[in-house]
Each structure stands twice: as structure tokens, then as C-alpha cells.
Amino acid sequence: MKNTTSENIFVFGTQYYRAPTPLSVDWKSDLRRIKESGLNTIKIWCIWGWMEPEPGKYRFDETDRLFDLAEEIGLKVVPNTILEAQPFWITRLYPDCNMVNHKGEKIISGLRNECFVGLSPGQCLDYDEINVQAERFLTVLASRYKSSNNLLVWDAWNEIKWAVDGEGLFCYCPATIKKFRNWLGEKYGNLDNLNKAWMRIYSDWEDVFPPKYPRTGYVDMLDWRRFITHKVTKMAEFRVNALKKGDPEHPVMIHTGGSSIGYPSQIPIYGVDDWKLSVTADLYGTSFYPNAFMPEPTLSKCALCLDATRSASKNRRFWISELQGGPASNGFVKEDITPEEQRMHIFSALSKGAKGILFWQWRNERLGIEANGFGLTHSDGSVSKRTQMAKDIANVLNKYSSVLNEASILPSEVAILFDPDTYILNWTIEGAVPDSQGFGSELVDLVDRSIHGYYKAFWDNNIQCDLIHIDDLSEVKNYKILVLPFLFFVERQTAKIIEKYVRDGGTVISDCYLGEFGEHCLSSVVTPGNGLDKVFQAREMNVVQTEEIKIEPIRKDGLFRGFEEKDSLAGYLFENSLHPFSEGKVIANFKDKNPAIVEARYGKGKSLLFGSLMGAAYLKGLSPGFKKIIKNLSEQAKICSLVEIGSDHFVETRILKGKDYYLLFCLNYEEEIEITLKIHLPGKKYRIRELSGGTPIPCKLMNDCLLIKTNVPNNAAKVFLISQRAKA
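Residues numbered from 1 in each chain as written. Predicted model: local features only at pLDDT ≥ 70, side-chain atom pairs only at ≥ 80, totals over all residues. Heavy atoms only, no water.

A.B. asks: How should the overall build of the protein chain be read in this particular structure?
C.D. replies: Scanning the protein chain for helices and strands turns up 19 helices and 32 strands. Taken over the C-alpha trace, the protein chain has a radius of gyration of 26 Å; the compact-globule value for 728 residues is 27 Å, and the two agree within 12%. Just so you have it, the protein chain exposes about 28,500 Å², and 49% of that area is on carbon and sulfur atoms. When the 89 basic and 92 acidic side-chain charges of the protein chain are each reduced to a single mean position, those positions are 6 Å apart. (Helix = DSSP H or I, 4+ residues; strand = E, 2+ residues; numbered from the N terminus. Rg over C-alpha atoms; globule rule 2.2 N^0.38 Å. Areas by Shrake-Rupley, 256 points an atom, 1.4 Å probe, with all protein chains shown as cover. Lys, Arg positive; Asp, Glu negative; His and termini not counted. Charge placed at Lys NZ, Arg CZ, Asp CG, Glu CD.)

If you want it as C-alpha cells, here you go:
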């Protein structure tokens with residue numbers, strides 16, 4: 001496979017062409033201006049419906065010219081393949097291959113609201129006839145451009161869009177149901193085992209159908225949506241392999257429309273599991289529209305989504321495949337984004353280890369509900385303040401491309417558990433068939449909000465976290481703290497891993513309702529379930545759902561060290577009083593004096609059980625003292641931020657490590673401030689320079705720490721290159 005970083009460029013570019021705009025008369029001048037702005041890469045959509053107007057007959061003239069112009073001007077190209085705008089002939093030749101929704105209605109494909117050159121969502125790829133046609137298009141396309149000198153990376157799937165432009169849940173077509181039954185057969189072995197797992201009395205596989213609505217059978221809905229995730233992952237493998245069949249040399253990536261964490265409909269509705277999808281490709285990416293499409297966007301939410309994508313990518317490079325370039329258009333409504341906001345999002349992504357950033361898009365869109373939106377430039381293609389911002393950053397990225405490409409995130413010591421099954425069951429219990437009003441009640445995203453709240457508590461303390469997938473839980477031994485946010489579904493194997501982790505010396509903290517459901521989605525008779533009550537040395541007793549949940553520490557030491565009057569504690573939604581065992585210690589009570597928090601020693605490790613939803617409470621601003629609990633807990637586990645800031649003012653810091661250097665990112669979201677940074681790094685002799693200016697920065701060495709005094713303007717970022725001096 002070709003090394004796309006052989007020239008050591010840091011990929012910094014823009015989406016350019018989605019047929020039929022921009023018009024060809026502007027191509028050459030636009031690409032020149034892109035190059036002059038310091039960008040080095042363009043992305044172009046290769047749309048099946050536009051490029052194969054008749055079966056087996058292709059129109060490559062536009063793509064040929066764009067490749068040639070880009071090479072002439074010195075730009076790399078990322079072709080983004082789009083199968084979800086299928087050729088208009090597909091329904092004529094294959095009229096019986098429609099997708100089907102949960103009501104049994106055929107989904108009649110039509111035009112997308114932003115792309116009018118093909119049918120969406122198209123016929124179902126679970127039918128072999130459609131699958132063969134799609135594979136042929138991808139393979140022919142890849143074969144044609146594999147020798148292009150400026151081909152950088154193939155993007156096999158744009159935002160994992162497949163269940164779009166149709167009403168309800170899908171797909172329930174015969175081909176998909178057949179695959180679902182086969183998947184169940186492989187999982188359970190035979191019908192008797194399925195009957196035991198689902199507690200049914202099926203006598204024939206033909207009687208087994210997927211459930212149609214949430215709030216019905218939990219166990220079969222869990223399997224049905226697990227299968228949808230499996231189906232989506234297999235669809236990704238199919239697209240990647242089809243491109244590699246035509247071009248075995250160039251890497252292939254895919255990118256999602258938003259991370260699995262932070263976008264709570266991704267798992268239960270669309271089957272988008274970042275961890276499973278990332279392993280299907282050579283690179284991974286995400287779209288990032290914090291001012292437009294992100295649910296309840298906040299600074300910590302943006303950071304969470306980036307860290308989730310980083311965690312899911314594991315050892316693969318990840319990109320921001322779409323960063324909002326200009327005002328997001330959704331008809332007449334425009335969600336603006338300022339150059340200062342874009343700058344901060346770019347540096348935030350870099351601080352999380354992103355190795356490529358592409359704007360969406362260069363010019364404003366000309367058609368549909370996205371018209372007059374998203375452009376990095378003015379509508380006529382002329383330079384805007386956002387374009388100048390991109391050029392300023394491009395100068396830094398181009399100058400330090402090798403430094404940025406080679407640096408990697410330092411290992412995290414905190415893991416927050418992500419279990420997609422809890423997202424599915426959260427939706428199954430509180431959800432609805434998606435429509436224009438959403439996909440469930442206000443509690444449908446409770447798991448996601450709990451994860452966000454815990455992440456924010458560590459983020460506010462400048463402690464880096466990984467998000468660990470339930471499938472990777474055996475790797476938890478590499479972390480000092482494991483967080484279980486509203487993990488109300490726990491199977492026996494998961495409980496065994498958690499128990500061993502604590503017994504061997506780890507620290508685990510959990511919300512209430514831990515293991516409330518277990519195997520077969522049966523509710524537990526004891527909570528925490530599956531033996532975890534022994535690990536936490538407590539059980540939940542009385543359960544009350546209430547609006548105001550005050551928590552009062554018994555003593556102001558331990559986890560409550562340094563508590564002041566302002567450090568109030570509260571829970572959210574559930575007040576589950578705890579009954580401690582002999583080794584469990586009650587350290588805080590609810591207002592009625594019932595135990596609210598129990599800590600315990602178990603084996604060589606430690607557990608902490610909360611009788612409420614503490615992450616969600618912190619996220620809602622109900623429990624400011626929770627930040628200090630997390631700080632004290634981290635110190636007890638011997639976890640400290642590598643960078644101390646001599647101020648209560650919040651400046652987000654991250655450190656990346658290269659071969660013989662470090663990169664220190666400082667992101668200031670508040671008013672301008674002068675701060676002293678105390679940096680804990682091994683070794684004593686360093687020289688420091690700021691990337692944007694390149695000038696050396698004076699520093700002092702005190703108690704084996706580097707001290708840097710610097711001024712950070714409002715809504716600005718500074719990046720310091722800390723390199724080791726050669727030994728004399």
C-alpha cells in the first residue's frame with residue numbers, strides 16, 4: 001500500500017465538487033485560489049447516479065479534468081464515493097429490490113434534499129443484484145484513477161448514510177430479514193437456543209421476524225439492532241474491498257456523520273459503531289459541525305466527540321473529514337461560524353491527534369436546502385475572513401507538517417466505558433420510531449448524557465480520558481480508573497472482567513442501576529447485578545424518582561478534601577439509597593440521611609458506587625462539587641495532569657509526543673489571561689518555541705518541572721514545541 005504521507009504533508013484541504021456544482025467555468029481559478037490559501041488537498045464526490053447514466057457506461061470526463069487540474073496546480077485529491085445516490089435506471093431494472101420500512105411499506109426512492117443526481121436511499125444492497133452493480137461501479141472507478149499521481153486516499157463511505165430519505169425504521173425487506181435469520185443462526189446455533197435466549201416458542205425459522213417498535217420485547221430488539229450494526233459494518237467492508245479490488249495500492253478510509261458517542265441516534269437507529277467501522281479501513285474520519293448539526297453542542301461535547309473518534313480509531317490515523325467551512329444552511333435558516341471558532345475547532349482536533357482536516361466546503365453550495373451555505377469563501381469564490389484564517393493556520397501546518405504527523409497522544413490513565421447495547425436498550429425503553437420530532441422521550445439519550453457528564457468532569461480537571469468499547473474491556477488493565485456511566489445492562493462476562501480489574505488493583509466508579517438488567521434482558525433481583533454488589537460492597541434498596549436530589553458529605557476529607565460551601569453535590573433523576581456491606585463505607589447521604597455514596601476496598605483495588613446519576617447531574621450544572629470529587633479521586637489513583645496552570649481560569653491543555661520532542665497545546669475559551677504553565681516532563685534540558693511565531697520561549701526549571709509564563713488571548717490557542725537539547 002502506498003504511503004500517503006511520503007511527502008510528509010499535513011493533510012489540510014477542502015471539499016470542492018459535488019455534481020453539478022461548482023460549475024466548470026470556475027474550476028481552474030478556484031483550485032488556484034485553494035492552493036494560494038495554503039490548502040493542499042481537495043475532495044470530490046464520485047456519485048454513482050451521476051457517473052453511470054446507463055448500466056456499464058460511465059462518464060469520467062469531469063473527474064478526469066478535476067484530477068488533471070489539481071495535479072497541474074499541485075493539489076492532492078480525495079475521491080469520496082457515493083452509492084446512496086443510485087442511477088435512475090436502477091429501479092426500472094430491479095423493481096422488486098426496494099427497501100421496506102417497519103410498517104411493511106416499500107420505500108420509494110427519490111431525490112435527496114442536497115444532491116439531485118441520483119435516487120436515495122436507493123434499492124437495498126442486501127439484494128445480490130444491487131450489490132453486484134454497486135461493486136462494479138466502485139471497482140471500475142478505482143481502477144481508472146489508481147495511477148493518478150495526485151490520488152491521496154479513497155473515501156469509501158460518506159457519513160455512513162444508508163437509512164436516509166425514507167420514513168420510519170428500515171430495512172425490513174425479504175433480503176435483509178433473510179440475513180438477519182442467518183445471523184441469528186450463527187449466533188445461537190439452532191432454533192432451540194434462540195427460543196431459550198428470547199424466551200419464545202418458535203417452531204420454524206420462517207416465523208422469526210425482527211421487532212418493529214421500541215418499548216416492546218427488549219431482548220429481540222437488542223439482537224435486531226445488533227444485527228443492524230453488523231450489517232452496516234459488513235457494508236463498509238464491502239465498499240472498502242471493492243475499491244481495493246480496483247486499486248490495491250492506495251489506502252481507503254470511511255467517515256461518519258458524527259461520533260457514536262455524542263450523537264445518541266447513531267447506534268440504535270443507524271447502526272454506526274465507530275469502533276467496529278474503523279477496523280474496516282486504513283484511515284478513519286468524522287464530520288464535525290459543532291455550530292450546526294451536533295446535538296446540544298458545548299465545548300466539552302466537541303472535545304468528547306473528538307476523543308471518541310480518536311479512541312475508536314486506535315492505532316489508525318483519523319481525520320476531520322468535514323469541518324464546517326461557513327454558515328450551515330438548512331433552507332432559510334443559517335447557523336453561522338466565525339473564523340475564531342473555526343480556529344479553535346482546528347486546534348482542538350490537532351490536540352486530540354487528528355492527522356487531516358478538510359473543510360466542507362470551498363464555495364457556497366448552489367442547490368437545494370444547503371444553498372448559500374458552508375462556503376469557506378464568499379459566494380463568488382473570493383477570499384473571506386474564514387479563508388484568511390485557514391491560510392494563517394496552513395502556514396503553520398505546512399511548516400511543521402513532519403512534527404505534527406509524527407506526534408501521538410500520550411497514553412490515558414482513565415477509561416470511560418462505552419457499551420452500544422446500553423444505547424440500544426435506552427432507546428428500546430424510552431424511544432420511538434424516528435420522525436421530525438426526534439427518536440424518543442427526553443430520557444432517550446440518558447446513557448449518552450451520563451458519559452458526557454463524566455467526561456466533562458475529567459475534562460474540567462484537564463485529565464485526558466479514553467473511551468473504551470465493551471468489546472475491548474479486557475484491555476482495561478492499562479488504566480488506573482474505569483468509569484461506568486449508567487451501565488444498567490451488564491452480562492456475566494463483563495462483570496467478571498470488572499471484578500478482576502478491581503481485584504488486581506484498579507479503581508472503578510459507577511452510577512446507580514449498575515447491572516439492573518442482565519442475560520436475556522431480565523431484570524436483576526440484586527443491584528448491582530451479576531455479582532458486582534460484592535465488588536462495590538453495597539446494594540441498592542429504595543428507589544425514588546424525583547427532581548431535587550441533594551447529597552451531603554459525612555466528612556470533609558478523602559474524596560471531599562478541600563470542599564467549600566460552593567461545592568454542592570446533587571444527583572439526577574434517581575435517588576437510589578444504598579445498603580453497605582461490612583467492607584463498604586458510607587461517605588455521603590441523601591437529604592433524608594439514607595446512604596448516597598459508598599466506597600470500598602476490594603482485593604487490591606477500590607470501588608465507588610453512587611446512588612444517582614452523577615455524570616448527568618454534573619452535565620446539567622446541578623452538582624459543581626463533583627469536579628472536586630473527580631480531582632481527589634484521580635490524585636488518590638496517582639493520576640495528575642502533566643500541565644498545571646497557576647490560575648482557576650480554565651485553559652484546556654494536551655500534550656503529544658514525538659521522537660525527541662513534545663507538543664503542548666493550550667486552548668483558552670475564556671477572556672485573555674497571562675498564565676504560568678508548570679509542565680511535568682522527564683529530563684531537564686529543553687528548548688521551547690511557539691509554533692505560530694517560531695520564536696524561542698524563555699523557561700525555567702524548578703523542582704524537575706518546566707515553568708513557562710505566557711499570555712493567551714480570548715478564544716485563542718497556543719502550541720509550543722518542546723524539544724530536547726542534545727547532550728554535550
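Now that the structure has been shown, the text picks up again.
A.B. asks: For this particular structure, what's the right way to read helix 11 (residues 339–351)?
C.D. replies: Helical geometry note: an α-helix holds 3.6 residues per turn, so side chains three or four residues apart project in the same direction. When the terminal C-alpha atoms of helix 11 are compared, their 18 Å separation across 13 residues agrees well with the 18 Å that a helix rising 1.5 Å per residue should span. The element helix 11 is largely enclosed, with a buried count of 10 among its 13 residues. Buried within helix 11 we find P339, Q342, M344, H345, I346, F347, S348, A349, L350 and S351. In the stretch just after helix 11, G353 is the one whose phi turns positive, near 100°. (Expected span 1.5 Å × (residues − 1). Buried < 20%, exposed > 50% of the residue type's maximum accessible area, 1.4 Å probe, protein only.)

A.B. asks: In this structure, what is going on with the nonpolar core? I would like to understand it.
C.D. replies: Grouped burial of nonpolar side chains is what soluble globular proteins tend to show. I254, F626 and L663 are the most contacted members of the largest nonpolar core, which has 200 residues in total. Sort the elements by how many residues they give to this core and helix 8 (residues 218–246) lands first, with 13 residues. (Core = buried A, V, L, I, M, F, W, Y, C linked by side-chain atoms within 4.5 Å.)

A.B. asks: Even after reading the chapter, I still don't get the sheet that holds strand 26 (residues 651–657), so can you show me in this structure?
C.D. replies: One key point about sheets: their strands pair by backbone hydrogen bonds, in either a parallel or an antiparallel sense. One open sheet accounts for five strands, arranged 11-26-27-32-29; its pairing is antiparallel. Among the strands making up the open sheet, the edge pair consists of strand 11 (408–409) and strand 29 (686–690). Examined bridge by bridge, strand 27 (residues 661–668) and strand 32 (residues 716–724) share eight bridges and lie antiparallel to one another. What sits directly across from L664, in strand 32, is F720. Set on the sheet, helix 11 makes contact with strand 11, strand 26, strand 27 and strand 32; between it and strand 27 the angle comes to about 145°. (Pairing = 2+ DSSP bridges. Contact = heavy atoms within 4.5 Å. Axes fitted to C-alpha atoms, helices over the stretch in contact; angles between N-to-C directions.)

A.B. asks: In this structure, what is going on with the packing of aromatic side chains? I would like to understand it.
C.D. replies: The geometry of an aromatic ring pair is captured by two quantities: the separation of the ring centres and the angle between the planes. Using the criterion set out here, one finds 33 aromatic pairs in the structure. With a centroid separation of 6.3 Å and 20° between ring planes, the pair formed by F180 and W183 is classed as stacked. Of this pair, F180 and W183 are both found in helix 6 (residues 174–188), three residues apart, which corresponds to roughly one turn of the helix. Here the two residues F180 and W183 agree in accessibility, since each one is buried. Seen in terms of ring centroids, Y289 and F374 are 5.9 Å apart; in terms of plane orientation they differ by 90°. Their pairing is edge-to-face. Within this pair, whereas Y289 is found in the loop between strand 6 (283–288) and helix 10 (299–313), its partner F374 is found in the loop between strand 10 (356–360) and helix 12 (385–399), the two being separated by 85 residues in sequence. We note that Y289, like F374, is buried. Of the aromatic side chains, those joined through ring pairs into one cluster are Y218, F486, F488, Y513, F517 and F574. Sitting above the plane of the F209 ring, R181 keeps its charged end 4.7 Å from the centroid. (Phe/Tyr/Trp six-rings, centres within 6.5 Å; stacked < 30°, edge-to-face > 60°. Lys NZ or Arg CZ within 6 Å of the ring centre and 35° of its normal.)

A.B. asks: I tried to follow the packing of helix 6 against helix 7 (residues 191–198) on my own but got confused; where do I start?
C.D. replies: Helix packing for two helices is described by the angle between their axes and how far apart those axes are. Where helix 6 contacts helix 7, the axes come no closer than 9 Å and their chain directions differ by 90°. The angle between helix 6 and helix 7 places the two elements in the roughly perpendicular class. Contact residues: helix 6 offers F180, L184 and Y188, while helix 7 offers N193, L194, A197 and W198. Looking at the contact of helix 6 with helix 7, its residues break down into six nonpolar, one polar and no charged. (Parallel < 35°, antiparallel > 145°, perpendicular 65-115°, else oblique. Nonpolar A, V, L, I, M, F, W, Y, C, P; charged D, E, K, R; others polar.)

A.B. asks: Got a minute to help me understand a nonpolar patch on the surface in this structure?
C.D. replies: A cluster of nonpolar residues, F88, L111, F116 and L367, forms a patch on the protein surface that exposes about 350 Å² of accessible area. Locating F116 in the fold gives a position in the loop between helix 4 (90–93) and helix 5 (128–145). For F116, a relative accessible area of 34% translates into the label partly exposed. (Patch = residues over 30% accessible without salt bridge, like charges linked within 9 Å, V, L, I, M, F, W, Y side chains within 5 Å. Salt bridge = Lys/Arg side-chain N within 4 Å of Asp/Glu carboxyl O.)

A.B. asks: What am I meant to see in the environment of T653 here?
C.D. replies: The topology assignment puts T653 in strand 26. Here T653 falls in the buried class, since its relative accessible area comes to 7%. What T653 contacts, discounting residues up to four positions off in sequence, is N462, S641, V643, I645, L664, F665 and C666.

A.B. asks: What's the story with the side chain of T14 in this structure? I'm lost.
C.D. replies: Considering the arrangement of structural elements, one finds T14 in strand 1 (residues 11–17). Aside from chain neighbours lying at most four places away, what touches T14 is I34, L39, T41, I42, K43, L358, F359, Q361 and W362.

A.B. asks: So what exactly am I meant to see when it comes to the sheet that holds strand 30 (residues 700–702) here?
C.D. replies: On the basis of which strands lie adjacent, the open sheet formed by four strands has the order 25-28-31-30 and antiparallel pairing. Of all the strands in the sheet, the pair left with one neighbour each is strand 25 (643–645) and strand 30. In this sheet, neighbouring strand axes are inclined to one another by 35° on average, regardless of whether the strands run parallel or antiparallel. As paired strands, strand 30 and strand 31 (residues 705–712) are joined by three bridges and run antiparallel to one another. Opposite M702, over in strand 31, you have C705 as the bridge partner.

A.B. asks: When you look at the layout of surface pockets in this model, what are you seeing that I'm missing?
C.D. replies: Leftover empty space is mapped by rolling, across the atoms, a probe with the size of a water molecule. Empty space within the largest pocket amounts to approximately 1,600 Å³. Listing elements by their share of the lining of the largest pocket, those giving two or more residues are strand 4 (154–159), strand 8 (328–330), strand 13 (431–435) and strand 14 (438–440). Sort the elements by how many residues they give to the lining of the largest pocket and strand 13 lands first, with three residues. Its residues assigned to classes, the lining of the largest pocket shows 22 nonpolar, 14 polar and 13 charged. A volume near 850 Å³ is recorded for the second largest pocket. (1 Å grid on protein atoms, 1.4 Å probe; cavity = no way out; pocket = protein on both sides within 12 Å on 5 of 7 lines; lining within 4 Å. Points joined across faces, edges and corners; volume = space filled by probe spheres on them.)

A.B. asks: Teacher, can you tell me more about the pairing of strand 32 here?
C.D. replies: A regular strand places its side chains so that they alternate between the two faces of the sheet. For strand 32, a buried count of eight out of nine residues is recorded, marking the element as mostly surrounded by other parts of the structure. Bridge analysis of strand 29 against strand 32 gives five bridges, and the strand direction is antiparallel. Each residue of the ladder has a partner; that of R689, found in strand 32, is L721.

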